[in-house]
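Geometric and topological summary
Listed below are the residues making up each chain.
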Amino acid sequence: MVAHVSDYAIIGLDPEGTITSWNLGAEKLKQYTREEAIGRSFSMFYPEEDRRDGLPLTLLTQALDDGRVEHLGWRVRKDGTRFWGDVIITALHDEAGVHTGFVKVTRDLTEQHHLETALKSSEERLRLLVGQVVDYAIIALDPQGIILTWNLGAERVKGYTAEEIIGRSFATFYPEEDRRDGLPMKLLTEAREQGRVEHLGWRVRKDGTRFWGDVVITALHDEGGTLTGYAKVTRDLTEQHALETALRSSEERLRLLVGQVVDYAIIALDPQGVIETWNLGAERVKGYTADEAIGRSFAMFYTEEDRRRGLPLELLSIAKERGRVEHTGWRVRKDGSRFWGDVVITALHDEGGKLAGFAKVTRDRTDLKALEDAQDAFYATFKHDFRTPVTAIKGFVDAIRHADDETRAHLIDRVESSADRLLGMVEDLVEFASQRAGQATLVLADIDLADVARSAVHDLSSHFDPARVQIADDVALATANGVAMHRVVTNLVLNALKYSPPDSVVDITFDRARAGFLQMSVRDRGRGIDPRDLDVIFDEFVRGRMAEDDGGTGLGLASVRELVRQMNGHVSIQSEVGVGTTVTVELRSQASLKPSAPSQRSGSTSDEVGESPPVVDGSGDSAAASTGHCPG
Ligand code: ADP
């Protein structure tokens, strides 16, 4: 049996160490055949240096003394190569107790030896490495949390040297309050149960200062699964923590700031356009609360037709491509009403350059849009309106060339009236523009408005039959500017004549119903103004629903309002469709109202005052009529 064992070299020696038996394992391991080996000394398997030291003999002596000896070391094969042998030599005795020799069992452990050596050196390297890591405190704890090892990083982060801390509990690093709460032991328990635990929090250095530690504790087990202790890695993140805290508080400030902006809807979208944040402005502009909007697609603000043609997603893809996109158009509020939105969408990217979503800022420009529309409409008719008198003049001039004397005189009148109309429109514009620019500063004095009215009507006599305008026979003193009042009367009388039948009469009357004020009313019996237009009829470029193609600019009443305002007065309008319109200008006045001398009258061919004037006060309202009121 022994002879056939091949994993162990089992050989017999006589008391002097001479080989007496040899097995298959011995032949395999040491390469000598039975014949070559038997009779020779076993010392031939030992390296030169061991033989010089007398190791083979020492081993035999020891085996004889102790009964057996074990030895690990390099041995030599027949070809001179070495192997790491694990040798046991046992002394043999016969029944009488006489020493008869030895049995020597050798096992080749070269491979295991290499592995062990490698492991030892890698452990050594790891020890050195851990010891010198300075950015992380890497320490070993026993199962109770007692510190077993200490590295440079631990010394740097926590301030203790290895001598000071090894043997103490790791709870030393936790603040008083955490220790009271039993946090250190809780962490060990969790690490034991879960395998590892991570914890972020304040820790205490030797000098009592605190640092923000990121700690990972890993449970360590031996091969049998018994807990042998813990590895604890700590990183000092105080700086990052301070940065993060600062960032958070600045983010918080920004969030509050954006949240409270009311003029702009500022919202965040995810890459698919789903609403992630909502501010007060968004609520105000779009009518949805945050709860109603967050989580839904921003496409819901777009009109049916814009959604159908894929506008919302198209805008996102342009923003993604070019960084940002601007768009102006109709948007829809929660209640279904529309607003004119001016939208900027900006693509947002994370640090890696990946699209993180979009910022969308929307402003409600409905007001601006209305003004723009009014202006557009004005410029559209502007061309037409100005062209009409010019074309007429050219036509008349052409006709004059071929006309007889009588017709010619008539045509020349027509040319003049067209030119006047044109001039009137140009004056309207110039006046309005200069008022807009704030250039007009009116010098005020006590003047007779009746007198101004008469001269204004007189100036219009080439256009209209002056008999159509009846001016009350008063001295109507008020604090005003003569030139401005002339413009006011001209505008009001022209409107009154223009929008009433050719045979109807326009009255200008004066009233002192309110103490300290004088009211001048221009009243016609014309078509009236649609009640829906009354509130805006004084606005620039507004011409009302009933405006015909009559060459107006929509600036006349706006000018009147502005001029009256500059004279510290105010103007109101009272109108009923089909019945007539009364515009009342109220100005400050200290004087009392008196009838004027008949010789001073002009512009009126009649002595009669006409029908009694309607009672129109500053906030002029009468039961039967709609009123547009304009505070000066
Ligand atoms: P314009 O007469 O040049 O159009 P205005 O500002 O003077 O501009 O008037 C604005 C509009 O108000 C007119 O286009 C007309 O429709 C209406 N309007 C003004 N005065 C009268 C009036 N007396 N009667 C009926 N409509 C009037």
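The structure under discussion appears in the preceding block.
An account of the accompanying structure is given in this report. Source: prediction; values computed, not measured.

What counts, and at which threshold
Residues numbered from 1 in each chain as written. Predicted model: local features only at pLDDT ≥ 70, side-chain atom pairs only at ≥ 80, totals over all residues. Heavy atoms only, no water. Helix = DSSP H or I, 4+ residues; strand = E, 2+ residues; numbered from the N terminus. Buried < 20%, exposed > 50% of the residue type's maximum accessible area, 1.4 Å probe, protein only. Contact = heavy atoms within 4.5 Å. Areas by Shrake-Rupley, 256 points an atom, 1.4 Å probe, with all protein chains shown as cover. Axes fitted to C-alpha atoms, helices over the stretch in contact; angles between N-to-C directions. Parallel < 35°, antiparallel > 145°, perpendicular 65-115°, else oblique. Left-handed = near helix turned anticlockwise from the far one by under 90°. Nonpolar A, V, L, I, M, F, W, Y, C, P; charged D, E, K, R; others polar. Near = heavy atom within 4 Å. Polar contact = N/O pair within 3.5 Å; in protein donor to acceptor, adjacent residues only side chain to side chain. Core = buried A, V, L, I, M, F, W, Y, C linked by side-chain atoms within 4.5 Å. Salt bridge = Lys/Arg side-chain N within 4 Å of Asp/Glu carboxyl O. Pairing = 2+ DSSP bridges. Phe/Tyr/Trp six-rings, centres within 6.5 Å; stacked < 30°, edge-to-face > 60°. Lys NZ or Arg CZ within 6 Å of the ring centre and 35° of its normal.

1. Some remarks on the overall build of the protein chain
A tally of regular secondary structure across the protein chain gives 19 helices and 23 strands. When the 632 residues of the protein chain are sorted by exposure, 40% land in the buried category. Here the analysis covers contacts within the protein chain between residues at least 6 apart in sequence; of these, 52% occur between residues at least 24 apart. Taken as a whole, the protein chain presents about 34,000 Å² of accessible surface, with 53% of it coming from carbon and sulfur.

2. A short note on the packing of helix 18 (residues 482–498) against helix 19 (residues 556–566)
Where helix 18 meets helix 19, the axes come as close as 9 Å, and the angle between the chain directions of the two elements is 150 degrees. The angle between helix 18 and helix 19 places the two elements in the roughly antiparallel class. Between helix 18 and helix 19 lies a crossing of left-handed hand. Where helix 18 abuts helix 19, its residues A484, R487, V488, N491, L492 and N495 lie against G556, L557, S559, V560, L563 and V564. Here the contact of helix 18 with helix 19 is composed, by residue class, of seven nonpolar, four polar and one charged.

3. Observations concerning the site of the ligand
Around the ligand there are 19 residues in total, and N495, D524, R543, T553 and L557 lie nearest to it. Between the ligand and N495, the relevant distance is 2.8 Å, taken from an oxygen atom to a side-chain nitrogen or oxygen of the residue. Measuring from a nitrogen atom of the ligand, one finds a side-chain N or O atom of T581 at 3.5 Å. Taking 530 Å² as the accessible area of the ligand by itself, protein coverage stands at 97%. Among the elements that make up the shell around the ligand, the one with the highest residue count is helix 18 (three residues). Partitioned by chemical class, the residues of the shell around the ligand number eight nonpolar, seven polar and four charged.

4. As for the environment of H4
Looking at the element boundaries, H4 is found in the segment before strand 1 (8–13). Considered as a pair, H4 and A26 are 22 residues apart in the sequence and their alpha carbons are 9.9 Å apart.

5. Considering the side chain of T584
Following the sequence through the fold, T584 ends up in strand 21 (residues 580–588). Of note is the side chain of T584, whose polar atom sits 3.1 Å from the side chain of S521.

6. Overview of the nonpolar core
Membership of the largest hydrophobic core comes to 42 residues, with the highest contact counts inside it found for L449, M485, I508, F510 and M520. The residues contacting M485, other than those within four sequence positions of it, are I447, L449, V452, A480, M520, M567 and L587.

7. Description of unusual backbone geometry
Of note in the backbone geometry, Q31 takes a positive phi value of approximately 75 degrees without being a glycine. With respect to the helices and strands, Q31 occurs in the loop between helix 1 (24–30) and helix 2 (34–37). In this structure Q31 comes out as partly exposed when scored by relative accessible area, which is 32%.

8. With respect to the pattern of salt bridges
Note that side chains of opposite charge can pair when their charged atoms are close. Per the counting criterion, the structure on display carries 30 salt bridges. Salt-bridge contacts for R525 lead to D507; the nearest nitrogen and oxygen are separated by 2.6 Å. Of the two residues, R525 is situated in the loop between strand 19 (517–523) and helix 19 and D507 in strand 18 (residues 506–511); the sequence distance between them amounts to 18 residues. The exposure class assigned to R525 is partly exposed, which follows from its relative accessible area of 22%. Ionic contacts of the salt-bridge type, sharing partners, join the residues E48, R51 and R52 into one network.

9. Section: the sheet that holds strand 2 (residues 19–21)
On the basis of which strands lie adjacent, the open sheet formed by five strands has the order 2-1-5-4-3 and antiparallel pairing. Of all strands in the sheet, those with a lone pairing partner are strand 2 and strand 3 (68–76), marking the two edges. On average, adjacent strands in this sheet sit at an angle of 35 degrees to one another, irrespective of strand direction. Note that strand 1 and strand 2 share two bridges and pair antiparallel. Bridging across to strand 2, L13 finds its partner in I19.

10. Some remarks on the packing of aromatic side chains
Tallied over the entire structure, the rule returns twelve aromatic pairs. Each member of the aromatic cluster is reached from another via a ring pair, and the members are W22, Y32 and F45. Of note, K158 hangs over the ring of F173, and the distance from its end group to the ring centre comes to 3.9 Å.

11. Focus: the sheet that holds strand 6 (residues 136–141)
Overall, antiparallel pairing links the four strands, which are arranged 6-9-8-7 in an open sheet. Among the strands making up the open sheet, the edge pair consists of strand 6 and strand 7 (196–204). Averaged over all neighbouring strand pairs, the angle between strand axes comes to 25 degrees, with direction disregarded. With nine bridges joining them, strand 8 (residues 210–221) and strand 9 (residues 227–236) adopt antiparallel strand pairing. Pairing of T218 across the sheet is with A231, part of strand 9. In the packing of helix 9 (residues 183–194) onto the sheet, contacts are made with strand 6, strand 7, strand 8 and strand 9, and the angle to strand 7 comes to roughly 165 degrees.

12. Quick word on the packing of helix 17 (residues 449–459) against helix 18
Working note: a packed helix pair is described by the angle between its axes plus the distance between those axes. For the pair helix 17 and helix 18, interaxial distance at closest approach is 9 Å and the crossing angle is 55 degrees. For the element pair helix 17 / helix 18, the angle class is oblique. Judged by the sense of rotation from one axis to the other, the crossing of helix 17 with helix 18 is right-handed. Between helix 17 and helix 18, the contacting residues are L449, V452, A453, S455, A456, V457 and D459 on the first element and G482, M485, H486, V489, T490 and V493 on the second. Residue classes in the contact of helix 17 with helix 18 are distributed as eight nonpolar, four polar and one charged.

13. Looking at the environment of S21
Mapped onto the fold, S21 is located in strand 2. Linking S21 and I10, residues eleven residues apart in sequence, is a C-alpha distance of 8.2 Å. When near neighbours in sequence (up to four residues on either side) are disregarded, S21 contacts I11, G12 and I38. Among the polar contacts made by the side chain of S21, one reaches the main-chain amide nitrogen of G12 at a distance of 3.0 Å.

14. Some remarks on helix 19
Counting buried residues in helix 19 gives eight out of eleven residues, a clear majority hidden from the surface. Looking one or two residues beyond helix 19, the residue adopting positive phi is N568, at roughly 60 degrees.

15. Here's the deal with the environment of V583
Among the structural elements, V583 can be located in strand 21. For the pair V583 and L557, spaced 26 residues apart in sequence, the C-alpha to C-alpha distance is 9.8 Å. Not counting residues within four places of it along the chain, the set of residues in contact with V583 comprises L492, M520, S521, V522, V571, S572 and I573.

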